[in-house]
Amino acid sequence: QVQLVESGGGLVQPGGSLRLSCAASGSIFRIYAMGWYRQAPGKQRELVARIDNGGSTNIADSVKGRFTISRDNVKNTVYLQMNSLKFEDTAVYYCNADIKTFWNSPSVKYWGQGTQVTVSS
């Protein structure tokens, strides 16, 4: 069993910063790409940022220059540093990871439970 547990969401004023964390635990053989998605009310879930196990990143244009994704492969944790937050960044943020649980099993995409980020004055 694999779990992804997110933390770090909350209420912040426009222009403020938050740092999200997502730790993977359980029966893990290898973690490949990890990432963050978000879903605002009435909108589809969208990719925010993704990082592969070599450190290459893919950042959505809407957050480029403001958000940074990083990972700690020892702690099986991915981070999202969010700076210069805007009203439109308000959403539930979900952690995602492609994880192989055994050496001969295919990788499976796992999701966290989501953490609310609200940008409001």
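Summarised in this report is the structure supplied together with it. Nothing here was measured: the structure is a model prediction, and the numbers come from that model.

The four strands are arranged β1-β3-β8-β7 in an open sheet whose pairing can be described as antiparallel. A strand with exactly one partner marks an edge of an open sheet, and here the two such strands are β1 (2-7) and β7 (67-72). Each neighbouring strand pair of the sheet contributes to a mean axis angle of 15°, computed without reference to strand direction. By the bridge criterion, six bridges tie β7 to strand β8 (residues 77-82) in an arrangement that is antiparallel. Paired with Ile69 across the bridge in β8 is Leu80.

Tallying each qualifying case throughout the model produces six salt bridges. Linking Arg38 and Glu46 is a salt bridge whose minimum nitrogen-to-oxygen distance equals 2.7 Å. When the shortest N-O distance is used, the salt bridge between Arg50 and Asp98 registers 2.6 Å. Here Arg50, found in strand β5 (residues 46-51), pairs with Asp98, found in strand β9 (residues 91-100); they are 48 residues apart in sequence, far enough to count as distant. Classification of Asp98 as buried rests on a relative accessible area of 14%. Residues joined in a network through salt bridges with shared partners are Arg38, Glu46, Arg66 and Asp89.

Each value, and the rule that gives it
Residues numbered from 1 in each chain as written. Predicted model: local features only at pLDDT ≥ 70, side-chain atom pairs only at ≥ 80, totals over all residues. Heavy atoms only, no water. Pairing = 2+ DSSP bridges. Helix = DSSP H or I, 4+ residues; strand = E, 2+ residues; numbered from the N terminus. Axes fitted to C-alpha atoms, helices over the stretch in contact; angles between N-to-C directions. Salt bridge = Lys/Arg side-chain N within 4 Å of Asp/Glu carboxyl O. Buried < 20%, exposed > 50% of the residue type's maximum accessible area, 1.4 Å probe, protein only.

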